[in-house]
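Okay, here's what each chain looks like letter by letter:
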Number of protein chains: 2
Amino acid sequence: MTNKINLYDVTLRDGSHAISHQLTISQIEHYTKAIDQTGIYAVEVGHGNGLGASSVLVGKSQLSDEVLLKTAKSNLEHTKLGIHVIPGFATIKKDIEKALSWGVDIVRVASHCTEADITERHLGYVREKGKEAYGLLMMSHMASPETLLDEAIKMQTYGAEAIIILDSAGSYLPDDVKERITLLSQNLNVPVGFHAHNNLGLGISNSLVAIEAGAQIIDGATKGFGAGAGNAQLEVLAAVLQKMNYKTNIDLYKLLDTADIVEKDFIKEPITISSLSIVSAIAGVFSGFAKHVKRVAKEFNVDPRDIFMELGRQKVVAGQEDTIIDIALKLQKRI
Amino acid sequence: MTNKINLYDVTLRDGSHAISHQLTISQIEHYTKAIDQTGIYAVEVGHGNGLGASSVLVGKSQLSDEVLLKTAKSNLEHTKLGIHVIPGFATIKKDIEKALSWGVDIVRVASHCTEADITERHLGYVREKGKEAYGLLMMSHMASPETLLDEAIKMQTYGAEAIIILDSAGSYLPDDVKERITLLSQNLNVPVGFHAHNNLGLGISNSLVAIEAGAQIIDGATKGFGAGAGNAQLEVLAAVLQKMNYKTNIDLYKLLDTADIVEKDFIKEPITISSLSIVSAIAGVFSGFAKHVKRVAKEFNVDPRDIFMELGRQKVVAGQEDTIIDIALKLQKRI
């Protein structure tokens, strides 16, 4: 990997969250054909929670992983095809082996920021098969910079060829990003990347800070099309990097055209920063909780913001949605 | 003015652009009642182009300045009432004298970044009447930092009690803001302020950079409700400043509630960053040109982005909309 910035497009994966995983074949065809002409390094495709995650519990995809990935691959000549893999959702035998046979180039194996251990087998398998394997640390604001580095080093030992830090709650301030990316860049032997969410309106600038601190891979989504308040808006980032004379190899007009496909074809509601997104970021809670929080708050007639702040104090992570009702009950009694 | 950050809310003025100046009495009542409880320093109300600007040419307000300002003032106890004044649109006798009689507290007198001279009489008049007078330099990216300082010093000499730098095209990178605000803060005797537009997704972070460089007044709009890609999203900025432990005196929950009024009552289309907003910022052209550019591009069957880039090369400013057709004609011949 050279010193240039690799832009990694998560629109067709993180954006799946924003439309409850209902991407259609024609949307994927249209989008991947367009992105393939832009110079974007890779495009990630799949259910919002990654390979093998489609289920009644977290949401059913309209299309199977097989259809999603084969459709994408058939339209990609220049841009690589990536997938998001959370061990637990995706298994090696049932999912990853097949995904590689469908033409996936990059497998990004993700864990909660303190649980890199669970990625060992998956990363090892992908390397063994000769594909690109990245390690992803989710909800990374919940670990100290030193712990993050320890976990990143584990992933590197397991064979990860890049480590990506995810700001899953969109709660980082620029200095938080600077501290973490600097530490990782200086102490890892593989490239470091950053994945922003825009809850505090800092998606673009946190990405810039990451680059200045040494990151070489930056995630983004066209029109910011991702979970909650969305990701760093990819075409904006490309324009800013171009204005700053960074080497990205992006054809800006073609990327703008691709972004306009999202606006015309995918978006039911444009991605904006809602009041609840701001509060969830301040609380440091994954924005995937928002719809549950809103529902429970209404049912118990309490302020959804108070629920978020208490979830933050309890340091909940995805999977602990039951906590929401306990908190709502306590808040109701207090009133 | 103390060392704390004064947040200045332009929603009911810059946001007028986004709805073609069609604010209603009940919207203003509802909004000003709410903002008055938030700790926001001042709220600006009026036609997008300021006092006296309503006309067939730039767009007719639904309400007269008198109704706009009297309605706002009657709901404000704590938050000051501000107006935007461009000499040429607003005259002292016909407009400003009356506006002061309707209870306006702050008059912000604006000129193109190299034409501070035109603000002398207006600033002088406001000071003479004992109201707060600020000087605003619009399209400030078109002047060198040194020229900006010269113009700001003129305004200070005319009596301006604060100087605000406007990034009217939304084209500043963080370092541009840092350089200009630092120079002004170090060389003026009055507070310096910054007014961001979000075309490059940097509205919040450029505001933070401005504060770090010495700015004490920061403009913003709830839900980013302003011209083009909108302003720095005010409630996001307040949340970020709170997270950074700045003193703003803002009740965040109340400000979030106020922002939600905008979403529910005002917005036809949410403010997002369109592809054309990005190009206009890269070109350094005021986003007010966008609708004319789109219309002409369609009529002449040329790429609106090429028009913007050429407008940028020609360094056009508001009022030179005729240039658009000349450029479209030339582009058409080239095809």
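Residues numbered from 1 in each chain as written. Chains lettered and ligands numbered in written order. Predicted model: local features only at pLDDT ≥ 70, side-chain atom pairs only at ≥ 80, totals over all residues. Heavy atoms only, no water.

### As for a negative patch on the surface
Where like charges cluster on the molecular surface, the negative patch consists of Glu 146, Asp 150, Asp 175 and Glu 179 of chain A together with Glu 212 of chain B. With respect to the element layout, Glu 212 of chain B can be found in helix H8 (residues 203-212). On the basis of relative accessible area, Glu 212 of chain B is assigned to the exposed category, the value being 56%. (Patch = residues over 30% accessible without salt bridge, like charges linked within 9 Å, V, L, I, M, F, W, Y side chains within 5 Å. Areas by Shrake-Rupley, 256 points an atom, 1.4 Å probe, with all protein chains shown as cover. Salt bridge = Lys/Arg side-chain N within 4 Å of Asp/Glu carboxyl O. Lys, Arg positive; Asp, Glu negative; His and termini not counted. Charge placed at Lys NZ, Arg CZ, Asp CG, Glu CD. Helix = DSSP H or I, 4+ residues; strand = E, 2+ residues; numbered from the N terminus. Buried < 20%, exposed > 50% of the residue type's maximum accessible area, 1.4 Å probe, protein only.)

### Quick look at the relation of the copies chain B and chain A
Each copy superposes on the other: chain B lies on chain A with an RMSD of 0.0 Å after a rotation of 180° and an axial shift of 0.0 Å. Taken together, the rotation angle and the small translation identify this as a two-fold axis. Taking C-alpha positions as reference, the residue of chain B nearest the rotation axis is Ser 205 of chain B, located at 3.1 Å. The residues that chain B uses at the interface reappear at the interface of chain A in 100% of cases, marking a shared surface. (Least-squares fit on C-alpha atoms with pLDDT ≥ 70 in both. Contact = heavy atoms within 4.5 Å.)

### Some thoughts on the side chain of Arg 13 of chain A
Residues and elements named next belong to chain A. Tracing the chain through its elements places Arg 13 in helix H1 (residues 11-18). In terms of polar contacts, Arg 13 uses its side chain to reach the side chain of Glu 44, at 2.7 Å. Excluding anything up to four places from it in sequence, Arg 13 contacts Glu 44, Val 45, Gly 46, His 47, Gly 48, Gly 50, His 84 and His 195. (Polar contact = N/O pair within 3.5 Å; in protein donor to acceptor, adjacent residues only side chain to side chain.)

### What to know about unusual backbone geometry
Residue and element names in this part refer to chain A. The phi angle at Asn 245 is positive, at roughly 65°, despite the residue not being glycine. Looking at the secondary structure, you find Asn 245 in the loop between helix H9 (234-243) and helix H10 (252-266). Given a relative accessible area of 70%, Asn 245 falls into the exposed group. The phi angle at Asn 301 is positive, at roughly 55°, despite the residue not being glycine.

### Details of the packing of helix H9 (residues 234-243) of chain B against helix H10 (residues 252-266) of chain B
All names here are of chain B. For the pair H9 and H10, the least separation of the axes is 9 Å and the interaxial angle reads 165°. On the basis of the axis angle, H9 is roughly antiparallel to H10. The two elements H9 and H10 meet at a crossing, and its hand is left-handed. When H9 is examined against H10, the residues Leu 234, Glu 235, Ala 238, Ala 239 and Gln 242 are found in contact with a partner set consisting of Leu 252, Leu 255, Leu 256 and Ala 259. Tallied by class, residues from the contact of H9 with H10 come to seven nonpolar, one polar and one charged. (Axes fitted to C-alpha atoms, helices over the stretch in contact; angles between N-to-C directions. Parallel < 35°, antiparallel > 145°, perpendicular 65-115°, else oblique. Left-handed = near helix turned anticlockwise from the far one by under 90°. Nonpolar A, V, L, I, M, F, W, Y, C, P; charged D, E, K, R; others polar.)

### Structural notes on the domain arrangement of chain A
All names here are of chain A. If you check the domain split of chain A, you get domain 1 (6-266) and domain 2 (275-333). The gap between the C-alpha centroids of domain 1 and domain 2 is 26 Å. Contacts between the two partners involve 13 residues from domain 1, matched on the other side by 12 residues from domain 2. Both sides together, the interface formed by domain 1 and domain 2 hides about 930 Å², and carbon and sulfur atoms give 65% of it. Across the contact surface, domain 1 and domain 2 share zero salt bridges. Linking domain 1 with domain 2 are two residue pairs in polar contact (both at pLDDT 80 or more). (Domains from an automatic or database assignment. Buried area = accessible area lost by both parts, 1.4 Å probe.)

### Some remarks on the interface of chain B and chain A
Contacts between the two partners involve 36 residues from chain B and, on the opposite side, 36 residues from chain A. Summed over both partners, the interface of chain B with chain A comes to about 2900 Å²; 65% of that surface belongs to carbon and sulfur atoms. Of all residues in chain B, Lys 243, Tyr 253 and Arg 305 of chain B bury the most surface against chain A, accounting for 21% of the area lost on that side. There are two salt bridges connecting chain B and chain A. One salt bridge connects Asp 257 of chain B with Arg 305 of chain A, and the closest N-O pair in it is separated by 3.1 Å. The tally of links between chain B and chain A comes to 15 residue pairs in polar contact (both at pLDDT 80 or more). Within the residue set of the side of chain B that touches chain A, elements represented by two or more residues are H8, H9, H10, helix H11 (275-283) and helix H13 (304-313) of chain B.

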